[in-house]
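# Geometric and topological summary
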Amino acid sequence: MGILNIVTYTPLLGAAVILFFIRSDNPKMIRYAATIFATVDFIVSLFLWWGFDPNASGSRLFQFRFVRDWIPSLGVKYDFGIDGIALLLIVLTTFMGLIAIVSSFSAINFREKEYYVLLLLLQTGMIGTFCALDFFLFYVFWEVMLVPMYFIIGIWGGPRKLYAAIKFFLFTLAGSVLMLLSILALYFFNDDGIPFLHIRGLGNGYTFSVLQYHNIGHLIPPSLQFWIFLGFFFGFAIKVPMFPFHTWLPDAHTEAPTAGSIILAAVLLKMGTYGFVRFALPILPDATRQLILPIVVLSIIGIIYGALVTLVQKDMKRLIAYSSVSHLGFVMLGMFALNPMGLKGSVIQMINHGISTGALFLLVGIIYERRHSRDIADYGGLAKQMPMYATLFLIAALSSMGLPALNGFIGEFTILLGVANRNIWWAVFAAIGIVLGAAYLLWLYQRVFWGPLDNPANRTVRDLNRRELAMLVALSAVMVWIGIYPKPIFEVIEKPVEYVMGKVDPAYMNRPPIQYPAAVAEAEASK
Amino acid sequence: MLNHLWLIPALPLLGFLLNGLFGKRLGNGFVSLVGPLSSFLSAVAGTVAVLQYHHQYPNGDRHVDVVYNWISSGGVGADLAFQLDPLSIVMLLVVTWVGFLIHLYSVGYMAHEEGYWRYFSYLNLFLAEMLVLVLGSSYLVMFVGWEGVGLCSYLLIGFYYDKDFAVAAGKKAFVVNRIGDFGFLVAMFLMFAYFGTVDFAKVSQIASGGVEPGLVTAICLLLFLGATGKSAQIPLYVWLPDAMAGPTPVSALIHAATMVTAGVYMIARPNALYRLAPDALMVVAIIGALTAIFAATIGIRQNDIKKVLAYSTVSQLGFMFIGVGVGAFTAGIFHLITHAFFKACLFLGSGSVIHAMSGEQDIRRMGGLWKKIPITAWTFLIATIAIAGFPPLSGFFSKDEILASALANPYFPDLGVWIWAIGTVAALFTAFYMFRLFFLTFGGSFRGTQEQEHHLHESPWTMTVPLVVLAAGSILGGALTVNHFLEHWLELPTFEVSPARAWLAMIASTIVAILGTWFAYALFGRRGLAADERFERRAPAVARTLENKYYVDEFYDEALVTPLERFSRFLWRGIDALIDGILALGGYVVAAVGDLLRFLQTGNVRNYALMFFVGVIVFIWIFA
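Now for a look at the structure at hand. (Residues numbered from 1 in each chain as written. Chains lettered and ligands numbered in written order. Predicted model: local features only at pLDDT ≥ 70, side-chain atom pairs only at ≥ 80, totals over all residues. Heavy atoms only, no water.)

Our next topic: the overall build of chain B. Across its full length, chain B holds 25 helices and 2 strands. Restricting the contact set of chain B to residue pairs at least 6 apart, pairs at least 24 apart contribute 80%. Averaging the coordinates of the 36 positive side-chain charges in chain B and doing the same for the 39 negative ones gives two points 7 Å apart. (Helix = DSSP H or I, 4+ residues; strand = E, 2+ residues; numbered from the N terminus. Contact = heavy atoms within 4.5 Å. Lys, Arg positive; Asp, Glu negative; His and termini not counted. Charge placed at Lys NZ, Arg CZ, Asp CG, Glu CD.)

On to helix H13 (residues 305–325) of chain B, then. All names here are of chain B. Over its 21 residues, H13 runs 30 Å from end to end, which matches the ideal 30 Å to within 8%, given 1.5 Å per residue. For H13, the tally of buried residues reaches 20 of 21 residues, placing the bulk of the element in the interior. Residue aspartate 304 occupies the N-cap position of H13, its side-chain oxygen lying 2.8 Å from the main-chain nitrogen of lysine 306. Looking one or two residues past H13, glycine 327 carries a phi angle of roughly 90°, positive in sign. (Expected span 1.5 Å × (residues − 1). Buried < 20%, exposed > 50% of the residue type's maximum accessible area, 1.4 Å probe, protein only. Polar contact = N/O pair within 3.5 Å; in protein donor to acceptor, adjacent residues only side chain to side chain.)

Right, let's talk about the packing of helix H5 (residues 135–156) of chain A against helix H6 (residues 161–188) of chain A for a bit. Residues and elements named next belong to chain A. Orientation of H5 relative to H6, taken along the N-to-C sense of each, is 175°, at an axis distance of 9 Å. The angle between H5 and H6 falls in the class roughly antiparallel. Partitioning the contact of H5 with H6 into residue classes produces 21 nonpolar, 3 polar and 2 charged. (Axes fitted to C-alpha atoms, helices over the stretch in contact; angles between N-to-C directions. Parallel < 35°, antiparallel > 145°, perpendicular 65-115°, else oblique. Nonpolar A, V, L, I, M, F, W, Y, C, P; charged D, E, K, R; others polar.)

What follows covers the interface of chain B and chain A. Counting from both sides, the interface comprises 59 residues of chain B and, opposite them, 73 residues of chain A. In this assembly, chain B packs against chain A so that about 5700 Å² is buried in total across both faces, 70% of it on carbon and sulfur atoms. For aspartate 162 of chain B, the salt bridge goes to lysine 384 of chain A, with nearest N and O atoms at 3.3 Å. Connecting chain B to chain A are 14 residue pairs in polar contact (both at pLDDT 80 or more). With 18 residues, helix H5 (residues 164–195) of chain B is the single largest residue contributor to the side of chain B that touches chain A. (Buried area = accessible area lost by both parts, 1.4 Å probe. Salt bridge = Lys/Arg side-chain N within 4 Å of Asp/Glu carboxyl O.)

Further remarks concern the side chain of threonine 462 of chain B. Residue and element names in this part refer to chain B. Structurally, threonine 462 can be placed in helix H19 (residues 461–476). Side-chain polar atoms of threonine 462 contact the backbone nitrogen of glycine 108, separated by 3.5 Å. The contacts of threonine 462, once residues within four sequence positions are left out, are Leu104, Tyr105 and Gly108.

Let us now look at the nonpolar core. Generally speaking, soluble globular proteins have nonpolar side chains that are buried together. Counting 434 residues, the largest nonpolar core has Phe135, Phe232 and Phe276 of chain A as the members making the most contacts within it. For this core, the domains that each give at least three residues are domain 1 (277–542) and domain 2 (553–623) of chain B. With residues up to four places along the chain from it excluded, the contact list for phenylalanine 135 of chain A reads Ile183, Leu186, Phe208, Val210, Tyr213, Phe232, Phe279 and Ile283 of chain A. (Core = buried A, V, L, I, M, F, W, Y, C linked by side-chain atoms within 4.5 Å. Domains from an automatic or database assignment.)

Side chains that carry opposite charge are capable of pairing whenever their charged atoms lie near each other. Taken as a whole, this structure holds 28 salt bridges over all chains when the rule is applied. Measuring nitrogen to oxygen at the nearest pair gives 2.8 Å for the salt bridge that ties arginine 370 of chain A to glutamate 468 of chain A. Placement of the pair is arginine 370 of chain A in helix H15 (residues 340–371) and glutamate 468 of chain A in helix H20 (residues 466–484), with a sequence separation of 98 residues. Considered together, arginine 370 of chain A and glutamate 468 of chain A belong to a single accessibility category, that of buried residues. Each of Arg160, Lys167, Asp251 and Arg318 of chain A together with Asp580 of chain B takes part in one network of salt bridges that share partners.

Written out as structure tokens, the structure is:
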């Protein structure tokens, strides 16, 4: 049966149950059912982690494999399997998925049935995308994600929801079409009509198998790699989003309902970065190495540009949305440092950003539900009225700005270490983003929570209720855990990172990591 | 204890959790117990560890206690580890015991404040982070504490969070510090990239093994950038005076005795690197000297009792940087210790004054407090004498050692004379503004309201006991230099100061202390506020410039903050809109093309027939 199928389709099953067995005039029952299925899914994903062998490498790197023929005539297989990177992202998805559902209890009060069905369907799409090791299958799940999100923004969103939903849809679709072209280019890449794999003795026909392509990537002529990379690049860079493809993000985030923003920030953006790690880097090593500089430049621009624009936002949600541009810039920068440290930091930061920014969106959603305003100027002095809320907001903000002993620092620091190893100036520029990060988040905090409580409308808001407190405490616990003891995370990504590095830049792995070996030897000797 | 060094910061951390989670519910009694007790236990644990260390490592070697591996990647990694060596021990003892005294003082001072539990949980957290800072065995662990104390400073400055200026000051402190942290971070990246480690000892060892001097200079200067943030030196000192918005004990603990001195520790700790980079040392010394005199001149014209002390702190930190900057690391640390005593005493004393004056902080409305609050007055006087640099009080010895070393330093002898001269003038100003403060506060007659006068009272024992202890420390702190005790104990690199230079510096220091005090007495002791008014009449431009702190804040606002905001707004409204515009244009083009093509699809059969006919003609014409 395959545990990956269980973790992928449990939400789908939930969606079906709600769709067919629960009447739409019983929203309470719908919520319970959605919560139960999401909880089960989360628990299953924890079992996944429990059963995962972090030391497996080589052909056993991708675990819990489940392979069946699907469309044999086209070489399409139903191929599921995960490495440590996918594992972490799946656990992140089930966790944030559960949070998203629980956060919607009071936020969504019309058409609940469709809403929870779509949310669960979306979750299946996301998990499937992380599990798929066959391009065809991957593409199916990739598109499955798109549609529910479109509806979630378009139906339950804010005042400009239609504009935002269509913008989101068109941007992403444009990207995925280009990505599809690249996949097809790989698929049809041949020599006088004979599939490439066949020539190389690696298979006897056309295939969509990602792992096969991993093995032959370096044989593809660099000029072709370049064009294929470009296609992938557009597909993934829009999703990340990298500067200058980011303008859909603030609109989508701002207009989406809270749960939509949480999922969007926590998981959907990671699809882009995950795509780079899983496909672009290992399959197209020459193109990747060739394009380091432009991508790094875009990432650094994204970091600083995103942070600066964040600084002057007046809408809380838009502010956090723009901060994502800056944070994802770090993720991309770490990845394209193309060394193990940078790559690890990049993966960890994907998780961290999901937790921290997800939490921030949840927090903004909570106050929005009470006051129906996201305008920073409408607030001030909330700390007096909502002390618990203020405390948890502070923890999330500190985590997002990379305070040591919280999760954000681990990611940013590891990324910048890797980057500095490649080029210290890149790290210098990126570190400016860290300074600005403190500025915009603390300024936000100051304007919302501190100062006199002078808006009468704020004098009656309630502090967190138990449901909200539970979600935020869980998120904060994860922030502290990763910040203080990130070892379990480093462990599971050690081998996958080695694997990707081995594909994209085999020479790097043999390079000495320290540039003063003589000095080190001397120091060792003098002990 | 030695194998459980983590317990020392863990105890106040526990206090933080207890107070933070349950303090509000369990009431002030619980908080007053947990807060000071956890800091006391931490001080005891620290002292026990020091005694054990002394027994086990008579030679002053480094003891490292690894808790676990924190960040790892292949060969490179960093442990969460604590260490004990003489330098850490000095910091540990200052932090824990002064910290405990201030916790105790706070019980009295903060008794009637709303958010008492919040105050103590922050204070405990601060202590924990500060201990991580001084006990960490690598730059990375130090950075954890470094950022942590910054956070606590932010929270405590903004403790009165419904006051706009307090929260703005808190944010300013954090952001300005972050600019410094940028330097600290990049320094660490350089260490990792080139040395593969951030462990204190290993970095020093590798650097001493011979690496490019430029690299070491860069690392040192970047670390110093971090130090200018945390220790409020030019150009990043601007946050410290504003930080006085926090409760007074916080100013004493964080913004005088402990956190702000972390920058000095940061230079003394990697002294091996700095000695390889004399250029960096020179920058440290010059910045220190400039800050010392710059802040001292501002101190002359401030009327808020805490603001005077704040600029005094900036100036005294400048002295410490002169010390470490000229390579006299012991002298810098020595001044750090004595300053912790007399400045904490002064701040707590000012708190006691403010307490007595029902919250009044303006010295123009004080005066004549000598008889009313005698314990405060006496301890304040002792600390003032100490900071002014009269022998045999502690401040004299440490300041004199710094100035003599500046004169004699082997790294940049020509410049040393100038640095000594600037330092000596700054010392003159120090004596002057401190005694101005003293005379205006305690001398003359009372200038406040009747109501304030009616309320005047000496503070409770929880507040006066710390004052007395700290005043005693201010008197006796100089004993650390007897027989070069501190020097031998710290074993930091040093150099000889010739007797002639030592005497010159000592005599000059004594003379300026007497002169400064005499001027202050002649002007403010005799005439009181009239002296200030005369200054304003005689040199209005100078008076106003000093009063407005040379307009540096205004300059930063105009030159940095406002343009940055404008630029950001341009990016948002300009560039983002432009990108969207281009994409929208693409959409319009598609739509327009569609509109044009629509004319072809009329649905009218005759039109299709006509096109068919035209097409056939064209084909025939081409191919025939």
